[in-house]
Amino acid sequence: MRRRKDNMSLNSESSAHFQNAIQEKEVMLVDFSTKWCPPCKKLVPILEELEQEADGRLTVLQVDCDELPEVASKYSIMSAPTVIMFYRGEPMEKWIGLRPKSVYQAGLSRYM
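Everything numeric here is computed off the predicted structure, so don't read it as measured data. (Residues numbered from 1 in each chain as written. Predicted model: local features only at pLDDT ≥ 70, side-chain atom pairs only at ≥ 80, totals over all residues. Heavy atoms only, no water.)

## Points about unusual backbone geometry
Trans peptide bonds make up most of the peptide bonds, and negative phi angles are found at most residues other than glycine.
Step number 1: Note the cis peptide between Ala80 and Pro81, where omega equals 0°.
Step number 2: Topologically, Pro81 is positioned in the loop between helix H3 (69-74) and strand E4 (82-87).
Step number 3: Even without glycine at this site, Asp55 takes up a positive phi of about 50°.
Step number 4: Relative to the elements of secondary structure, Asp55 occurs in the loop between helix H2 (38-53) and strand E3 (59-64).
Step number 5: The exposed category is assigned to Asp55, whose relative accessible area is 68%.
Step number 6: Unlike most non-glycine residues, Arg88 shows phi in positive territory, near 55°. (Helix = DSSP H or I, 4+ residues; strand = E, 2+ residues; numbered from the N terminus. Buried < 20%, exposed > 50% of the residue type's maximum accessible area, 1.4 Å probe, protein only.)

In structure tokens:
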């Protein structure tokens, strides 16, 4: 498990790490993105803010779709960025494309 340079909690390094990580936390946002995607880069500060505002109740995990295509395929990721909210290890919400912060907040409010 390795910390991201840009303050988001975790960077998934393998499929096994991803599976373990989503089981460890009650509420987790998983950012499926790529390094070369401009909207993905705009999403990072939004997710960082959400994580900071949640006071430890939320973890954000980033999955690079180019590096872990098997994980992206398992969750039918066809476009970047895509954010999936996991609750107790199960996918509950899925947002495709860059969305306003309020959209993520509304989804999170049902589980936090």
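## Here's the deal with the environment of Gln19
Step number 1: Within the fold, Gln19 resides in helix H1 (residues 15-24).
Step number 2: Classification of Gln19 as partly exposed rests on a relative accessible area of 26%.
Step number 3: Sequence-wise, Gln19 and Gly89 are 70 residues apart; in three dimensions their C-alpha atoms are separated by 8.3 Å.

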